[in-house]
Amino acid sequence: MKAFKVGFIALTKASWATPEIEDLRKTALASLKTLPYEIADGGALTTTAAEASALCAELRQQDVSAVVVFMATFPVGAIIPVIAKELPVPVILISTPEKPQAGKMWTQNSFCGSNMAVHTLRKLGRKNTFVFGPADQAAALVKKPLGVLKCVSDLASAKVGLVGGRVPGFYTSNCDEMRLRAKLGTEVEIIDLLEIVDTANKLSDAEVKTGAEAVRKSASVCCAKVEKDLESAGKMYQSFLKTAKKYSLSAYAVRCWPEWSDIFGIAPCSTIGMLNNDRMVSSCEGDVLGAVLMQMEASLSGGVPFFADLISFDYAANTAVLWHCGAAPSAICRTFEETTLSQHFRVDGGNKKGLTNEFSMKAGPITLAQLDEDGDGYRMLIAKGTALDTEPFIRGNPLNVKFDCPVEKLVGTIMTEGFKHHYSIIHADVESELVELCRWLDITPVVVK
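Rules behind the numbers
Residues numbered from 1 in each chain as written. Predicted model: local features only at pLDDT ≥ 70, side-chain atom pairs only at ≥ 80, totals over all residues. Heavy atoms only, no water. Pairing = 2+ DSSP bridges. Helix = DSSP H or I, 4+ residues; strand = E, 2+ residues; numbered from the N terminus. Axes fitted to C-alpha atoms, helices over the stretch in contact; angles between N-to-C directions. Contact = heavy atoms within 4.5 Å. Core = buried A, V, L, I, M, F, W, Y, C linked by side-chain atoms within 4.5 Å. Buried < 20%, exposed > 50% of the residue type's maximum accessible area, 1.4 Å probe, protein only. Polar contact = N/O pair within 3.5 Å; in protein donor to acceptor, adjacent residues only side chain to side chain. Arc of directions from axis to C-beta. Phe/Tyr/Trp six-rings, centres within 6.5 Å; stacked < 30°, edge-to-face > 60°. Salt bridge = Lys/Arg side-chain N within 4 Å of Asp/Glu carboxyl O. Right-handed = clockwise from strand over helix to strand, strands pointing away. Parallel < 35°, antiparallel > 145°, perpendicular 65-115°, else oblique. Left-handed = near helix turned anticlockwise from the far one by under 90°. Nonpolar A, V, L, I, M, F, W, Y, C, P; charged D, E, K, R; others polar.

Enquirer: Would you explain the sheet that holds strand β6 (residues 159-163) in this entry?
Expert: One key point about sheets: their strands pair by backbone hydrogen bonds, in either a parallel or an antiparallel sense. With parallel pairing, 4 strands are arranged side by side in an open sheet as β7-β6-β9-β10. Whereas interior strands pair on both sides, the edge strands pair on one side only; in this sheet they are β7 (187-191) and β10 (281-283). Direction aside, the axes of adjacent strands within the sheet are offset by 20 degrees on average. Of the pairings in the sheet, the one linking β6 to β7 comprises 5 bridges and is parallel in character. Each bridged residue has a counterpart across the sheet, and for Gly161 the counterpart in β7 is Glu189. Strands β6, β7, β9 (251-254) and β10 of the sheet are contacted by helix α12 (residues 288-301), whose axis makes an angle of about 150 degrees with β10.

As structure tokens, this is what we get:
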């Protein structure tokens, strides 16, 4: 991923510049520097269009991914078009509250400056985000907006490895690669299943041993029937890691059936879960947009997503069960003691080949989302809820969720609007961040309330 660097421009008029206004700049900058990003600034207040042009050139040279424009005071109006034209990165505007100073003077007019700027930026076709608060809280004010913009930046440099294509008949896993590249910047690398097999067969004994040990440690219990599959699973896991490094991948979408278990001898479910534990987000059934959505949720929350089907619901209890067959990441398990490496209960008729990691998932706030092609663009289904303490009442990875919205309305929206059957769940409330991400990426949000 490209390094995320943030530019900082503090604006004023030369006639309004005072030591107190300079102190505001320094205060805001000091606050921003507490964020986990490199902050690039010009070291002084910017008062003219010429100064702004020179600073934009410097920030371009430093390859900033976004710029925070701090309205220390009402600025020279001509500065904003310069920034818009000469620094083609997302803009976050900050204004600060103020009170009349000595002599009843209004010394900043900071909000008015941002008000003028948003109008100008809109006329120039430039999106922006506005925040308002004290200069010493600048970091807290821009933390979420910058998190969204980092996600935008990460997607623009992301590459999803599509292994084997989509599964038969799953038109829901189709993806227009050029649309994805044009709209989000994400690249798709087509990888043949046989390359994974070939890479696995060329591993050293030490690499195979390391992989097998990692597989065994990924669960608390290993059924006796799958002990023989640990070496194959270790080879598969190491092969995926090597292939990701070879192609500089940030995610995988895997055609996990029907031929995978015949060619490799086991199913890839547990490996997919392990890759997600490693923050190499990976979707099942060749769903590229599912993997992209998982990247979004992981980036916005810092957590590990769960790729799932919606399999049942209870209107009276306002709950729904999300599930998949054993590819969930154990990082979000209910208790590690419940995690069990087992034979797949569907492959070849069931209970004949490994390898799944079965458990239910932890309780807590969740956000469910679904990314779908729509017309010439995209749409995103979003719904919040709370994951309940879920017993492992069925094989695989179940999670019972009580939604904030009426489940009947959620199901009705899915079925009426024809959304896909794959969802990504993250253990965090990122509804507002997803909506803001949709705004930046021209995705239509469908938020179920």
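Enquirer: Is there a simple way to explain the nonpolar core in this structure?
Expert: Across soluble globular proteins, nonpolar side chains show a tendency to be buried alongside one another. In this structure, Tyr252, Met296 and Met380 are the most contacted members of the largest nonpolar core, which totals 100 residues. By residue number, the principal contributor to this core is helix α5 (residues 138-156), which donates 10 residues. Each residue touching Met380, except ones within four places of it in the same chain, is listed here: Leu293, Met296, Ala369, Gln370, Leu371, Phe419, Leu434, Cys438, Ile443, Thr444, Pro445 and Val446. Counting residues in each nonpolar core, the second largest holds 27 residues, with Leu322, Cys333, Val411 and Phe419 among its members.

Enquirer: Any chance you could explain the sheet that holds strand β13 (residues 340-343) here in plain terms?
Expert: In space, the 3 strands of this open sheet follow the order β8-β13-β14, with mixed pairing throughout. At either end of the open sheet lies a strand with only one pairing partner, and these are β8 (221-222) and β14 (354-358). Summarising the sheet, β13 and β14 pair through 4 bridges and their orientation is antiparallel. By the bridge assignment for β14, Thr340 is matched with Glu358. Across the sheet, helix α11 (residues 269-277) touches β13 and β14, and the angle it forms with β14 is around 50 degrees.

Enquirer: Help me understand unusual backbone geometry, please; the structure alone is not making it clear to me.
Expert: The phi angle of most residues is negative, glycine excepted, and most peptide bonds adopt the trans form. Here the amide bond leading from Trp257 into Pro258 is cis, since omega sits at 10 degrees, within 30 degrees of zero. When you line up the elements, Pro258 lands in the loop between β9 and α10 (260-264). Following Gly354, the chain continues into Leu355 via a peptide bond in cis, with omega recorded as 15 degrees. For Leu355, the location among the structural elements is in strand β14. Positive phi, close to 55 degrees, is recorded for Ser248, a residue that is not glycine.

Enquirer: Whenever I open this one, the side chain of Thr339 confuses me. Can you help?
Expert: In this structure, Thr339 sits in the loop between β12 (319-324) and β13. Here Phe336 takes part through its backbone oxygen, which lies 2.6 Å from a polar atom of the side chain of Thr339. In contact with Thr339, not counting residues within four places along its chain, are Ser218, Ala219, Ser220, Val221, Ser330, Cys333, Asn357, Glu358 and Phe359.

Enquirer: Help me out: how do you make sense of helix α13 (residues 407-417) in this one?
Expert: In an α-helix, one turn spans 3.6 residues, which is why side chains three or four residues apart end up on the same side. Within the span of α13, buried status applies to Val407, Leu410, Val411, Thr413 and Ile414. With its buried residues spanning 155 degrees around the axis, α13 presents them on a single face. Opposite the packed face of α13, turned more than 90 degrees from it, sit the exposed residues Glu408, Met415 and Thr416. Two residues or fewer past α13, Gly418 is found with a positive phi of approximately 70 degrees.

Enquirer: Whenever I open this one, the packing of aromatic side chains confuses me. Can you help?
Expert: A ring pair, where both rings are aromatic, is described by two values, the distance of the centres and the angle of the planes. In the structure shown here, the tally under the stated rule is 11 aromatic pairs. Taking 6.5 Å as the distance between ring centres and 85 degrees as the angle between the ring planes, the aromatic pair formed by Phe111 and Phe132 counts as edge-to-face. One end of the pair, Phe111, is in helix α4 (residues 110-123); the other, Phe132, is in strand β5 (residues 128-132), with 21 residues separating them in the sequence. Given the relative accessible area of 44%, Phe111 is considered partly exposed.

Enquirer: Is there a simple way to explain the pattern of salt bridges in this structure?
Expert: Counted by the stated rule, this structure contains 25 salt bridges. A salt bridge links Arg25 to Glu22, with the shortest nitrogen-to-oxygen separation between them at 2.8 Å. In this pair, Arg25 and Glu22 are both assigned in helix α1 (residues 19-32), 3 residues apart and thus about one turn of the helix distant. The network of salt bridges with shared partners includes Arg334, Glu338, Asp389 and Glu391.

Enquirer: For this particular structure, what's the right way to read the pairing of strand β1 (residues 5-11)?
Expert: Two faces make up the sheet, and in a regular strand the side chains alternate between them. When you tally the buried positions in β1, you get 7 out of 7 residues, the bulk of the element. Along β1, one buried face is formed by Lys5, Gly7, Ile9 and Leu11 and the opposite face, lined by Val6, Phe8 and Ala10, is buried too. Direction of pairing for β1 relative to strand β2 (residues 38-41): parallel, over a ladder of 4 bridges. Its bridge partner being in β2, Lys5 is matched across the sheet by Glu38. Crossover β1 to β2 through α1 is right-handed. Here 6 bridges tie β1 to strand β3 (residues 66-71), and the two strands are oriented parallel to one another. What sits directly across from Val6, in β3, is Ala66.

Enquirer: Just to check I follow, could you spell out the packing of α12 against helix α14 (residues 431-441) for this structure?
Expert: Each packed pair of helices is defined by two parameters, the angle between the axes and the distance between the axes. With their axes 11 Å apart at the nearest point, α12 and α14 run at an angle of 120 degrees to one another. Between α12 and α14, the interaxial angle falls into the category oblique. Handedness of the α12/α14 crossing: right-handed. In this structure, α12 uses Met296, Glu297 and Leu300 to contact α14, whose residues at the interface are Glu433, Leu434, Leu437 and Leu441. Of the residues contributing to the contact of α12 with α14, the split by class is 5 nonpolar, no polar and 2 charged.

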